[in-house]
Amino acid sequence: MTKNKKIVIATVSAIVAPIVILLIVLSGFIIAFEIDILQNKIKHKGWNEIDYCNECWEMQIPNATIEYNFSNCGGFLGDGTEYTVCRYSTRPDEFLKDFEPDCNDEYITIYNRILPLMQYRNSQGVFIDNEKLFTPDNNFIWQSKIKNGNCTLLLAYNEQNNTLYIIENFM
């Protein structure tokens, strides 16, 4: 073997070896992360979308009939949007006491910012049913929360038909 070939092999080995080690370590983190997600799903078996939202956002959204749910969350960090439509037989007055009308279009602005993010397909290749999306009007009262600087929860309650729209945007 010539001296030049030895130099090339030594150089390539010095570059490739750390990359291989980094990939092995990263794979370990990914596997641990996926196991943690699976354990949480098993731990909370029987929970619905409202239960998960309550835990994630430290809220107490009253149980309701879930009419529709769409999630395009996934990937390594679990980013994406979760959209849930809940119907109540009677108005949950205590829960709605901190909701407010959108006098300055603040909530509609948040909704319009998140709306395009809901248009991405989920891991099963399914897109959101656009007929299940709502059009904001004066019948809505709103509440929002921000977590970790850029994750957003937007709650829109239609007082005319007792429907709560839960929009979670994880980034």
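Above this note sits the structure.
Calculation criteria
Residues numbered from 1 in each chain as written. Predicted model: local features only at pLDDT ≥ 70, side-chain atom pairs only at ≥ 80, totals over all residues. Heavy atoms only, no water. Helix = DSSP H or I, 4+ residues; strand = E, 2+ residues; numbered from the N terminus. Contact = heavy atoms within 4.5 Å. Areas by Shrake-Rupley, 256 points an atom, 1.4 Å probe, with all protein chains shown as cover. Salt bridge = Lys/Arg side-chain N within 4 Å of Asp/Glu carboxyl O. Buried < 20%, exposed > 50% of the residue type's maximum accessible area, 1.4 Å probe, protein only. Pairing = 2+ DSSP bridges. Axes fitted to C-alpha atoms, helices over the stretch in contact; angles between N-to-C directions. Lys, Arg positive; Asp, Glu negative; His and termini not counted. Polar contact = N/O pair within 3.5 Å; in protein donor to acceptor, adjacent residues only side chain to side chain.

On to the overall build of the protein chain. In terms of regular secondary structure, the protein chain is built from 4 helices and 5 strands. For the protein chain, the succession of helices and strands along the chain, N to C, is α-α-β-β-α-α-β-β-β. The contacts of the protein chain with a sequence gap of at least 6 include a subset with a gap of at least 24, amounting to 56%. A total accessible area of about 11,100 Å² is found for the protein chain, and carbon and sulfur atoms account for 57% of it.

In this fold, R121 is placed in the loop between α4 (106-114) and β3 (140-147). Look past the residues within four positions of R121 in its chain and what remains in contact with it is N72, V126 and F127.

Tallied over the full model, the rule gives 4 salt bridges. R87 is paired through a salt bridge with E67; the nearest N and O atoms lie 2.9 Å apart. Placement of the pair is R87 in strand β2 (residues 80-87) and E67 in strand β1 (residues 65-71), with a sequence separation of 20 residues. For R87, a relative accessible area of 30% translates into the label partly exposed. E159 is paired through a salt bridge with R91; the nearest N and O atoms lie 2.6 Å apart. Highlighted residues: E159 in the loop between β4 (151-158) and β5 (163-170) and R91 in the loop between β2 and α3 (93-96), separated in sequence by 68 residues. Taken together, the shared-partner salt bridges in this structure form one network comprising R91, D93 and E159.

Moving on to the sheet that holds β3. Strand order in the open sheet formed by 5 strands is β1-β2-β5-β4-β3, and the pairing between neighbours is antiparallel. Either end of the sheet is taken by a strand with one partner, and the two such strands are β1 and β3. Between one strand axis and the next, the sheet turns through 10° on average, direction left out of account. Note: β3 against β4, 8 bridges, orientation antiparallel. Note on β4: the bridge partner recorded for S144 is L154. Together, β1, β2, β3, β4 and β5 form the strand contacts of helix α2 (residues 49-57), whose direction differs from that of β5 by roughly 55°.

This part covers the side chain of D102. Structurally, the position occupied by D102 is in the loop between α3 and α4. Despite its burial, D102 pairs with no opposite charge; the closest candidate is R113, at 12 Å N-O. Side-chain polar atoms of D102 contact the backbone nitrogen of D105, separated by 3.1 Å. A distance of 2.8 Å separates a polar side-chain atom of D102 from the backbone nitrogen of I108. Not counting residues within four places of it along the chain, the set of residues in contact with D102 comprises Y107, I108 and W142.

Considering the arrangement of structural elements, one finds N169 in strand β5. Beyond its immediate stretch of four places on either side in the chain, N169 contacts G80, T81, R113, I114, L117, N150, C151 and T152.

Take the pairing of β2 next. Counting buried positions over the 8 residues of β2 gives 7, a clear majority of the element. As paired elements, β1 and β2 share 6 bridges and run antiparallel to each other. Along β2, the bridge assignment pairs T65 with R87. Pairing analysis gives 8 bridges linking β2 to β5, with the strands arranged antiparallel. For V85, the partnering residue across the bridge sits in β5 and is Y165.

That is the geometry; function is a separate question.
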